[in-house]
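Here is how the chains run, residue by residue.
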Amino acid sequence: MTTTAAKGSVGTAHTRVEGRDKVTGAARYAAEIPFAELAHGWLVLSTVARGRVRALDTEPVLAMPGVLTVLHHHNAPRIDSDYIGLLGVPPDPSVALFQHDRVVHMGWPVALVVAETSEQAREAAEALVVHYDQEPHDVAFSAERQTDGYPVDGHAPGVMEKGDLEAQLASSAVVVDAEYTTPEEHHNPMEPHAATALWEGGRLEVVDSNQGTSWVAGELANLFSLDPASVRVRSEHVGGGFGSKGVRSHQVAAVMAATVLQRPVRVVMTRRQMFSLAGYRSPTAQRVRLGADADGRLRALEHQSLNMTSSVHEFVEPSAAASRAMYDADAHHTASRIVRLDVPTPTWMRAPGEAPGSFALESAFDELAERCGIDPIELRLRNEPAVGPVSGLPFSSRNLIACFREGARRFGWAERDPRPGVRRDGRWLLGTGTAAASFPAGAMPSTAAVTAEADGTFTVGINAADIGTGARTALTLVAADALGVPTDRVRVRIGDSDLGPAMIAGGSTGTRSWAWAVTAAAEELRQSLAPGADIPPEGITVRSNTAEAIGALAQKERHSFGAQFSEVAVDPATGEVRVRRMLGIFAAGRIVNPLTARNQLVGGMIWGVSMALHEEAVRDRATGGLYGADLAGYHVAAHADIPHIEADWVDDPDPDDPVGIKGIGEIGIVGAAAAVANAVWHATGVRHRHLPIRPDRVLMAGGDA
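Model, not experiment: these values are computed from the prediction.

**As for the sheet that holds strand 21 (residues 490-493)**
The strand order across the open sheet formed by four strands is 21-20-19-22, and the pairing between neighbours is mixed. Taken across any chain shown, the strands that pair with only one partner, and hence form the sheet edges, are strand 21 and strand 22 (540-545). Recorded for the sheet is a direction-independent mean angle of 15° between the axes of neighbouring strands. Both strand 20 (residues 458-461) and strand 21 contribute to a ladder of four bridges, which runs parallel. Bridge assignment links Val460 to a residue of strand 21, and that residue is Val492. Against the sheet, helix 11 (residues 471-483) contacts strand 19 (447-452), strand 20 and strand 21, and its axis sits at roughly 135° relative to strand 21.

**Side note on the packing of aromatic side chains**
Within the structure shown, the criterion is met by nine aromatic pairs. Ring centres of Phe315 and Trp348 lie 5.2 Å apart, and the angle between their planes is 90°; this geometry places the pair in the edge-to-face category. On the criterion of sequence distance, the pair formed by Phe315 in the loop between strand 15 (298-310) and strand 16 (331-341) and Trp348 in the loop between strand 16 and helix 8 (354-372) is long-range, its members being 33 residues apart. Classification of Phe315 as buried rests on a relative accessible area of 8%. Judged by centre distance (4.0 Å) and plane angle (20°), the ring pair of Tyr327 and Phe365 falls under stacked. Note that Tyr327 is positioned in the loop between strand 15 and strand 16 and Phe365 in helix 8, a separation of 38 residues in sequence.

**Thoughts on the sheet that holds strand 5 (residues 109-115)**
Pairing within the open sheet is mixed, and its seven strands lie in the order 3-5-1-13-10-11-12. With partners counted over all chains shown, the strands left at the sheet margins are strand 3 (67-71) and strand 12 (231-234), one partner each. Strand-to-strand, the axes of this sheet are offset by a mean angle of 20°, without reference to chain direction. Bridging between strand 10 (residues 194-200) and strand 11 (residues 203-208) involves six bridges; their strand directions are antiparallel. The partner of Trp199 across the bridge, within strand 11, is Leu204. Helix-sheet contacts for helix 3 (residues 118-127) involve strand 1 (39-45), strand 3 and strand 5, and the interaxial angle to strand 1 is about 25°. Relative to the sheet, helix 5 (residues 213-223) contacts strand 11 and strand 12, its axis offset from that of strand 12 by approximately 145°.

**What to know about a nonpolar patch on the surface**
A cluster of nonpolar residues, Leu86, Leu87 and Val89, forms a patch on the protein surface that exposes about 260 Å² of accessible area. Mapping Val89 onto the fold places it in the loop between strand 3 and strand 4 (102-103). Classification of Val89 as partly exposed rests on a relative accessible area of 42%.

**Concerning the side chain of Thr58**
Tracing the backbone shows Thr58 in the loop between strand 2 (51-57) and helix 2 (59-62). Apart from residues lying up to four places away in sequence, Thr58 is in contact with Val70, His72 and Leu128.

**Focus: the pairing of strand 25 (residues 644-649)**
Regular strands have side chains that alternate between both faces of the sheet. Note: strand 24 (residues 577-587) against strand 25, six bridges, orientation parallel. Across the sheet, Met582 pairs through a bridge with Ile645, a residue of strand 25. Regarding topology, helix 14 (residues 594-613) serves as the crossover connection from strand 24 to the parallel strand 25, and that connection is right-handed.

**A word on the packing of helix 8 against helix 15 (residues 672-684)**
In contact at an axis separation of 8 Å, helix 8 and helix 15 are set at 35° when each is read in the N-to-C sense. The hand of the helix 8/helix 15 crossing is right-handed. Counting all contacts with helix 8, which are made through Ser358, Phe359, Glu362, Ser363, Asp366 and Glu370, the residues of helix 15 involved are Ala673, Ala674, Ala677, Asn678 and Trp681. Looking at the contact of helix 8 with helix 15 residue by residue, the class counts come to five nonpolar, three polar and three charged.

About the cut-offs
- Residues numbered from 1 in each chain as written.
- Predicted model: local features only at pLDDT ≥ 70, side-chain atom pairs only at ≥ 80, totals over all residues.
- Heavy atoms only, no water.
- Pairing = 2+ DSSP bridges.
- Helix = DSSP H or I, 4+ residues; strand = E, 2+ residues; numbered from the N terminus.
- Axes fitted to C-alpha atoms, helices over the stretch in contact; angles between N-to-C directions.
- Contact = heavy atoms within 4.5 Å.
- Phe/Tyr/Trp six-rings, centres within 6.5 Å; stacked < 30°, edge-to-face > 60°.
- Buried < 20%, exposed > 50% of the residue type's maximum accessible area, 1.4 Å probe, protein only.
- Patch = residues over 30% accessible without salt bridge, like charges linked within 9 Å, V, L, I, M, F, W, Y side chains within 5 Å.
- Areas by Shrake-Rupley, 256 points an atom, 1.4 Å probe, with all protein chains shown as cover.
- Salt bridge = Lys/Arg side-chain N within 4 Å of Asp/Glu carboxyl O.
- Right-handed = clockwise from strand over helix to strand, strands pointing away.
- Left-handed = near helix turned anticlockwise from the far one by under 90°.
- Nonpolar A, V, L, I, M, F, W, Y, C, P; charged D, E, K, R; others polar.

These values are about where atoms sit, not about what they do.
What follows is the structure, given as structure tokens:
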């Protein structure tokens, strides 16, 4: 076989390799794959927020047509949740289904009804009467709960401090001290959560929609005390995840039912159930204090954040961590705290920590610029750090200034009148705003296999997850370049735990981690193939494991950066806010596929508009549940709300990565809400510190909102 260097595929726009299958319906998602003798499970959720299940009236339900079983805490298989999982923490007790009679939040799973059809299962589940001993509950989250909160280390340290904060604030010429809040927000990917479990040849097989099959397989093996080699999880196509598609109750329920009935069982969450069972972004209450010299140089930066979590599991939204890599200050204090309430456990949601944290920090920076009389971009440039502001580590690369300069040029920032409330278009007040963005760029160990086939093609096997980002296509381009062949000679297999361990699709580390492993295996295979050598029928395979290479990386601050720009129009008579245009310029490593990369960045920016103006889940303090737990009551930005959005990037390859990748999945949302909020201030002269910026808040804001 001969491999000749092809034109570089990485960096060229390429349509999705599975695109035709998706638009024609040939690509099947987790709830669409047929199985013989398939049964259907329907979860029954609690209607109280705290208490105990006293009794379940199962006999009438078992007599209903098609009903096969009702699983609950009296008869469900026993499972083991006393272990440390893949992410270094014990599992959320919410996945340990039906192990006791306690109810810890509204929407807690109390039973699973399994029937021959989905319709029969739903009807029976809705007919099941559950009796509760109800107890008083507390779901009231607010900034006043600070005294109930305590710091927690999540995927970032809970508290980091440098310097004498109070002394630096006291000696500052200008001080900003403000509180910012963000509401509870929900993922709502297009494809609901779905899993089918079956026993096949002594192995448990789960066909699922998730962000990492190795992750789910490992957790299921632990929960059910199984040999990891006896569990296989497949997840070929995933219709969105955004942090929500990890290990959830529906997978555990499906495995329980399949074990009891010894036949395949499918459990699909409804849209309403996803509001209780799929995780969400906790509301946050954040306090930012900035102290600066008259020329705008920071002397003090404090960022305190509080979020709620469930009464049974600690999950921290590390919003304060967003400040740790952004700006230098003599005193730098950040802390992320939690308060336990009778609510479902929050989880990772696109740019966890950075999305709400950047709203507070970048809004406060805009306030500081106003008080100092300095242009907001100039203020950020004056506080650009040479090394990590807290860690003291060097940056692998930091091209934030280049993002701002290019963005300012293209957005027309130089023509901006800094005075608020002076620009009009008929009845509309116009304003422009900007904000910085940052998100960590990590890499995690992964394995990959690349096979030279006898027909001259190559098969790449890596347990990646394509959750809509275009990962298959990106890895095809990476493999083609490493092998020196055209992309049509490369086939990529993903989404199967039998392919070996690999990083999950999360933290903007997926493509970087997978591409590293694919490159290592492909380059070794290419070097081992003699020109014109015959390939045996079974092919020649090379496997890689990047654990050693990634472990040898020098400690550095590794981040993607960006500059967000927004123009808004505000109708002072109705309170309506319209975003007229947005521009994001990013420094996010080497861009593998400009086509799908731009989709990711624009998608994140759209979510930022939605975060700024629309999204807000509200809890009923009387019941503990959500008002309008559906896409009618939970508002997201629609087509009419989204203007022309442009996303682009500056050259920013990571010198420590074999392909030069950083990560783009989450940087697009970071700073976007702050850019919109800052533009609303510029339009109206009123500062909105509480999201979303609803029309009623605009109308009621006689002063700062």
